[in-house]
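Analysis of the macromolecular model
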Amino acid sequence: MTLNHLPADFVWGASTAAYQIEGATKEDGRGPSVWDTFTARPGTVRDGHTGDVACDHYHRYEEDLGLMAEAGLTGYRFSIAWSRVLPTGRGEVNPKGLDFYDRLVDGLLERGVEPFPTLFHWDLPQGLEDDGGWLNRDTAYRFAEYTAVVAARLGDRVRNWITLNEPFIHMAWGYGLGTHAPGRALLFDCLPVAHHQLLGHGLALRELRSLGLRVMMANNCTPVRPASPSAADRAAAEAYDILHNRLFADPIFTGAYPDLSAYGADATLGGSVRDGDLDLISAPLDALGVNYYNPTRIQAPAAGGLPFEEAPIEGVRHTAFGWPVVPDGLRELLVLLKERYPALPPVHITENGCSVDDVVTADGTVPDTDRIDYLDGHLRAVDAAVAQGVDVRGYFTWTLMDNFEWAEGFHQRFGLVHVDHETQVRTPKASFAWYRDLIREHRANAER
Ligand code: GCO
């Protein structure tokens, strides 16, 4: 496949997150996070799985670095577990926690892989949740302090930083519906969580900038399509677009929240917005991280309650997780973002991938052709978006290796590398070799 429009120095990466891969949750002074508490509660995660061991990456990171080098990755996006660094979220620093990320960063750099750490991928220290978590404005300030601690240690080697991962999903599932940690089901009373996360981002950005570092944020974005041209379906689609996409992008790129009246909220999000907050939040980003999996089709709700209802997308393939496969939705999304926000900075695709029911066959291979098709289609969509004028600088597939998929436990396999969750044996899948060859080819062409 030739992707003619991608720049020569395009970053070829893979993404992971701390709680999904590290394990070692009680080791070397790590404090508990909301995900430890949540998974320990019966009935929260399919089959009672937890991230206690996960991929045991905390102990096996050298092997995993070897896999990254073998794939020829030029970037690796991982997340830092806040409660390894600050076991209660604030106060005393745990040097052993920082040491782990220090070793990881050195290991990446030795192999020519650029580190892209995410500071918050949902594993809030339980100590902060006990004080209200992201419902409490104070958490934003604690996040900035934690950012300063990590950046002081790693900022001499790490140039690019991602503050938050998918603040929408964390708010909606963690605090709105309760299907993710911390498991609170507040419906639209969860909206202050949006503002406090964004404020945390703005405060952390200021810390990172004071050290001369580059700042990104990774948003889950979806192009929203009305199920029909009817006025009711279009209004429902607009309401959903506001909640999922614009709530977390408008404040950054326009300095104002969108109209939230469909959710019974005014522009202060329940009184959480204070003078000066939006100036911090709208400080320019160096790049936007876009996490894309599928488009969303929305219809007017049959009954009261939510102002929207999700409608199935038919006539396309679905992943093992049941998500529709619509590669061109990624091109559509990128072009839409560019049109919507004229000041859109360069973009990195910080997550994109699919769940497949992979098994290791008798000959020891994992023939995940569905994943290859998925990645191939989405990379072509990125290339097409670049041809249409969107400045895309990198692509990080979700994910390096099969891992703990939140409420689904180990049931969804998204990796380029198969992990036997009993034995921890890693087996590169066919998609791993395909990605490696693609990276090699693109880099060889770029040198010509
Ligand atoms: C994220 C993601 C990852 C998931 C992936 C597949 O939202 O950043 O949730 O952590 O594992 O998106 O669902």
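Residues numbered from 1 in each chain as written. Predicted model: local features only at pLDDT ≥ 70, side-chain atom pairs only at ≥ 80, totals over all residues.

1. Concerning the site of the ligand
- Surrounding the ligand, one finds Ala17, Gln20, Asn165, Glu166, Ile169, Asn220, Asn291, Glu351, Trp398, Glu405 and Phe414.
- Taken together, the residues of the shell around the ligand break down into four nonpolar, four polar and three charged. (Near = placed C-beta within 6 Å. Nonpolar A, V, L, I, M, F, W, Y, C, P; charged D, E, K, R; others polar.)

2. Notes on the pairing of strand E7 (residues 287-291)
- Counting buried positions along E7 yields five of five residues, so the element is predominantly enclosed.
- Side chains Ala287, Gly289 and Asn291 of E7 all project onto a buried face; the interleaved residues Leu288 and Val290 project onto the opposite face, where all are buried too.
- Pairing of strand E5 (residues 214-220) with E7, which is carried by five bridges, proceeds in the parallel orientation. The partner of Asn220 across the bridge, within E7, is Asn291.
- By the bridge criterion, four bridges tie E7 to strand E10 (residues 347-351) in an arrangement that is parallel. (Buried ≥ 20, exposed ≤ 12 C-beta atoms within 10 Å, placed from the backbone. Helix = DSSP H or I, 4+ residues; strand = E, 2+ residues; numbered from the N terminus. Pairing = 2+ DSSP bridges.)

3. Things to note about the sheet that holds strand E2 (residues 75-79)
- Here we have eight strands rolled up into a closed barrel, ordered E1-E2-E3-E4-E5-E7-E10-E11, and parallel in their pairing. Averaged over neighbouring strand pairs, the angle between their axes works out to 25 degrees when direction is ignored.
- For strand E3 (residues 114-120) and strand E4 (residues 160-165), the ladder comprises two bridges, and the chain directions are parallel. In the sheet register, Phe120 faces E4, and the bridge partner there is Leu164. (Axes fitted to C-alpha atoms, helices over the stretch in contact; angles between N-to-C directions.)

4. Focus on the UniProt feature "active site" (unreviewed entry) in the chain
- UniProt tags Glu166 and Glu351 as "active site" (unreviewed entry). With the annotated positions falling across 186 residues, the maximum pairwise C-alpha distance of 10.3 Å places them together in a single cluster.
- Within the secondary structure, Glu166 sits in the loop between E4 and helix H8 (167-177).
- Apart from residues no more than four positions distant in its own chain, Glu166 is found in contact with Ala218, Asn219, Asn220 and Asn291.
- Not counting residues within four places of it along the chain, the set of residues in contact with Glu351 comprises Ser15, Asn291, Phe396 and Trp398. (UniProt positions renumbered as here; feature names shortened; annotations may be inferred. Contact = placed C-beta atoms within 7 Å.)

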